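Topology and contacts: notes
Residues per chain are reported as follows:
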Amino acid sequence: MKLDTSGLESVAPFLGVSSELVGGLSGAPYFELPNTANFDRFQKDAIQMVKPAKGTTTLAFIFKEGVMVAADSRASMGGYISSQSVKKIIEINPYMLGTMAGGAADCQFWHRNLGIKCRLHELANKRRISVTGASKLLANILYSYRGMGLSVGTMIAGWDETGPGLYYVDSEGGRLKGNRFSVGSGSPYAYGVLDSGYHYDMSVEEAAELARRAIYHATFRDGASGGVASVYHVGSEGWKKLSGDDVGELYYMYNPITPSTVEQEMTDVAGP
Amino acid sequence: MTKQQANWSPYDNNGGSCVAIAGADYCVIAADTRMSTGYNILTRDYSKITKLADKCVMASSGFQADVKALQKLLAARHLIYQHQHNKQMGCPAMAQLLSNTLYYKRFFPYYSFNVLGGLDNEGKGCVYTYDAVGSYERVGYSSQGSGSTLIMPFLDNQLKSPSPLLLPVQDAITPLSESEAVDLVKTVFASATERDIYTGDKLEIVVLNAEGIQREFMDLRKD
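Bear in mind the structure is a predicted one, so any value in this text is a computation, not a measurement. (Residues numbered from 1 in each chain as written. Chains lettered and ligands numbered in written order. Predicted model: local features only at pLDDT ≥ 70, side-chain atom pairs only at ≥ 80, totals over all residues. Heavy atoms only, no water.)

Overview of the overall build of chain B
Along chain B, the regular secondary structure elements total four helices and twelve strands. Relative to the 2.2 N^0.38 estimate, which gives 17 Å for 223 residues, the radius of gyration of chain B is 18 Å and therefore close to what a compact globule would have. Within chain B, contacts between residues at least 6 apart in sequence are counted, and of these 63% link residues at least 24 apart. Summed over all atoms, the accessible surface of chain B reaches about 10900 Å², with 51% contributed by carbon and sulfur. Of the charged side chains in chain B, 21 are positive and 23 negative; the average position of the first set lies 7 Å away from that of the second. (Helix = DSSP H or I, 4+ residues; strand = E, 2+ residues; numbered from the N terminus. Rg over C-alpha atoms; globule rule 2.2 N^0.38 Å. Contact = heavy atoms within 4.5 Å. Areas by Shrake-Rupley, 256 points an atom, 1.4 Å probe, with all protein chains shown as cover. Lys, Arg positive; Asp, Glu negative; His and termini not counted. Charge placed at Lys NZ, Arg CZ, Asp CG, Glu CD.)

The following block contains the structure:
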């Protein structure tokens with residue numbers, strides 16, 4: 001795109017601009033500009049198109065004893081931390097959990113709506129809804145709003161007649177069945193810890209510790225994740241919250257401070 | 001064909017800050033009374049606080065036209081509730097009603113940043129904080145509005161209590177007395193007024209406790 005600089009030529013001699021400027025112009029100067037609607041924004045808009053995922057870390061995995069679900073608790077609005085105590089693991093009913101990633105209001109509202117639909121299913125059919133069914137209900141709703149700007153990246157974890165179930169559902173309309181998922185900006189870090197430590201035959205305590213560590217490591221490296229690492233277990237009797245630990249304190253638990261040798265020498269000297 | 005751009009916006013930001021603090025048996029809700037648009041002050045005497053129910057008060061900053069529409073809607077819904085149930089709405093119920101009301105306009109939001117304060121069914125103070133589209137959380141204290149980034153870190157420093165997500169559960173109620181909380185609010189607004197151009201003029205403080213609702217005013221810098 002050729003910039004029209006004819007305006008420059010007429011003004012310069014009139015204002016009595018220094019002669020070297022006028023002399024240096026051999027013809028109408030121009031420089032190429034990209035053919036975009038907004039010159040100031042197009043680079044940022046391009047980056048926004050491949051924008052990193054929702055600011056959070058959530059994970060869930062199936063193992064021998066059921067499903068383990070864990071999440072951090074930080075909510076951010078741009079660079080501002082709007083809350084460090086957000087409940088990202090939502091209790092849909094006593095045997096099903098949903099995780100929250102993306103728009104807080106979108107996740108809260110649609111999970112509450114899903115809980116209502118699950119209860120209506122129980123009343124209409126005299127039996128609990130399956131994890132497959134619940135996740136499909138949510139996925140169909142989100143698909144119908146596809147393209148309208150909802151931001152939801154959730155996992156539905158539960159225990160039904162077929163055993164433990166885990167589905168990933170998102171606002172693009174995707175729905176995936178799987179054994180291991182992590183969602184959010186901290187998910188790469190969580191996957192690293194989770195994938196390397198995972199065994200199907202873990203005990204509940206080992207699985208809880210693995211989940212806790214994965215969230216902890218994600219909060220350590222991802223600025224958009226932090227607060228409290230919550231860990232839930234879904235078994236045949238339903239879900240149970242196993243732990244909620246401040247990740248700042250987890251740091252010192254995993255990296256205890258040992259007194260330095262200098263201090264030790266001084267106490268020796270002070271002794272009788 | 002370049003994308004069409006709008007030549008006007010339905011929204012405006014009238015500025016201002018709100019704060020709410022929950023205590024063991026009281027709740028303090030406060031907001032400044034300045035209403036601005038751009039660099040102009042429209043009035044120095046506009047209340048951002050409204051009583052939704054006997055035990056439930058809301059303070060909202062943002063676009064006051066949307067705030068007014070929201071207040072009217074909630075007041076109407078509360079009236080219907082009273083007709084149907086023969087009692088006032090409790091604070092937790094109103095909190096969820098507000099959340100749903102905000103979300104119903106998910107695709108053309110109320111530009112309203114709300115803080116709900118009141119007494120829960122046991123008489124303990126409760127504060128609920130919202131974003132513009134309805135996500136909400138019960139907290140011990142909160143601030144919203146143009147001065148919130150200045151106020152919130154100070155409240156965290158003075159009032160931060162163990163997160164409700166911790167296990168084993170740790171009690172999260174402010175240890176402050178009612179008068180200490182009111183003094184804290186006055187301090188906080190005086191500081192916010194110094195550094196936020198949209199906050200100032202006058203401070204309106206509403207205190208909810210077992211005796212009912214009390215209101216007091218304090219002057220702030222008018223520059």
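Some remarks on the sheet that holds strand 12 (residues 238-246) of chain A
Two orientations exist for strands paired in a sheet by backbone hydrogen bonds: parallel and antiparallel. All names here are of chain A. Spatially, the five strands line up as an open sheet ordered 10-1-2-11-12, and their pairing is antiparallel. Looking along the sheet, the strands with just one partner apiece sit at the ends: strand 10 (180-183) and strand 12. The sheet shows a mean angle of 15° between the axes of neighbouring strands, taken without regard to direction. Here strand 1 (residues 58-63) pairs with strand 2 (residues 66-71) via six bridges, running antiparallel. Bridge pairing links Phe61 to Met68 in strand 2. Where helix 6 (residues 187-197) meets the sheet, its contacts fall on strand 1 and strand 10, and the angle it forms with strand 10 comes to roughly 155°. Against the sheet, helix 7 (residues 204-221) makes contact with strand 1, strand 2, strand 11 (228-235) and strand 12, and its axis sits at roughly 155° relative to strand 1, the strand it touches most. (Pairing = 2+ DSSP bridges. Axes fitted to C-alpha atoms, helices over the stretch in contact; angles between N-to-C directions.)

Remarks on a nonpolar patch on the surface
Taken together, the side chains of Phe220, Tyr251, Tyr252 and Ile257 of chain A present a nonpolar region at the surface, about 460 Å² in accessible area. Counting through the fold element by element, Tyr252 of chain A comes out in helix 8 (residues 247-254). (Patch = residues over 30% accessible without salt bridge, like charges linked within 9 Å, V, L, I, M, F, W, Y side chains within 5 Å. Salt bridge = Lys/Arg side-chain N within 4 Å of Asp/Glu carboxyl O.)

Structural notes on the packing of aromatic side chains
Counted according to the given criterion, the structure contains 20 aromatic pairs over all chains. Among the aromatic residues, those joined into a ring-pair cluster are Phe109, Trp110 and Tyr145 of chain A together with Tyr103, Tyr104 and Phe107 of chain B. The side chain of Arg180 of chain A reaches across the aromatic face of Tyr198 of chain A, ending 4.5 Å from its centre. A cation sits over an aromatic face here: Arg213 of chain A above Tyr254 of chain A, 3.8 Å from the ring centre. (Phe/Tyr/Trp six-rings, centres within 6.5 Å; stacked < 30°, edge-to-face > 60°. Lys NZ or Arg CZ within 6 Å of the ring centre and 35° of its normal.)

Notes on the packing of helix 4 (residues 104-125) of chain A against helix 2 (residues 91-104) of chain B
Interaxial distance between helix 4 of chain A and helix 2 of chain B falls to 11 Å at its minimum, and their mutual angle equals 110°. Classed by the angle they form, the pair helix 4 of chain A and helix 2 of chain B counts as roughly perpendicular. Counted together, Ala105, Asp106, Phe109, Trp110 and Arg112 of chain A of helix 4 of chain A and Gln96, Ser99, Asn100, Tyr103 and Tyr104 of chain B of helix 2 of chain B form the full contact between these two elements. (Parallel < 35°, antiparallel > 145°, perpendicular 65-115°, else oblique.)

Thoughts on the pattern of salt bridges
Across all of its chains, the model carries 20 salt bridges over all chains by this definition. Where Arg127 of chain A meets Glu161 of chain A, a salt bridge forms, and the shortest distance between an N and an O atom there is 3.7 Å. Residue Arg127 of chain A is found in the loop between helix 4 and helix 5 (131-144), and its partner Glu161 of chain A is found in the loop between strand 7 (153-160) and strand 8 (163-170); the two are separated by 34 residues along the sequence. Two residues, Asp120 of chain B and Arg138 of chain B, come together in a salt bridge whose shortest N-O distance is 3.2 Å. Of this pair, Asp120 of chain B sits in the loop between strand 7 (112-119) and strand 8 (125-130) while Arg138 of chain B sits in strand 9 (residues 136-139); the two residues are 18 residues apart in sequence, bridging distant segments of the chain.

Re the nonpolar core
Residues and elements named next belong to chain A. Counting 26 residues, the largest nonpolar core has Met96, Trp110, Leu114, Cys118, Leu138, Leu142 and Ile156 as the members making the most contacts within it. Every element with two or more residues in this core is listed here: strand 5 (89-93), helix 4, helix 5 and strand 8. Apart from the residues lying within four places of it in its own chain, the contact partners of Leu114 are Ile92, Ala134, Leu137, Leu138 and Ile156. Listed in part, the 24 residues of the second largest apolar core include Phe61, Val193, Tyr198 and Val231. (Core = buried A, V, L, I, M, F, W, Y, C linked by side-chain atoms within 4.5 Å. Buried < 20%, exposed > 50% of the residue type's maximum accessible area, 1.4 Å probe, protein only.)

Remarks on the interface of chain B and chain A
If you look at the interface, chain B gives 22 residues, while chain A gives 27 residues. For the pair chain B and chain A, the summed buried surface comes to about 2000 Å²; carbon and sulfur atoms form 60% of the total. For the chain B face of the interface with chain A, the top three residues by lost area are Tyr103, Leu165 and Leu167 of chain B, together amounting to 35%. Along the contact surface separating chain B from chain A lie one salt bridge. The shortest N-O distance in the salt bridge between Arg106 of chain B and Asp106 of chain A comes to 2.5 Å. On the surface where chain B and chain A come into contact, there are ten residue pairs in polar contact (both at pLDDT 80 or more). Broken down by element, the residue count for the side of chain B that touches chain A peaks at five residues, all from helix 2 of chain B. Classifying every residue of the side of chain B that touches chain A by side-chain character gives ten nonpolar, nine polar and three charged. (Buried area = accessible area lost by both parts, 1.4 Å probe. Polar contact = N/O pair within 3.5 Å; in protein donor to acceptor, adjacent residues only side chain to side chain. Nonpolar A, V, L, I, M, F, W, Y, C, P; charged D, E, K, R; others polar.)

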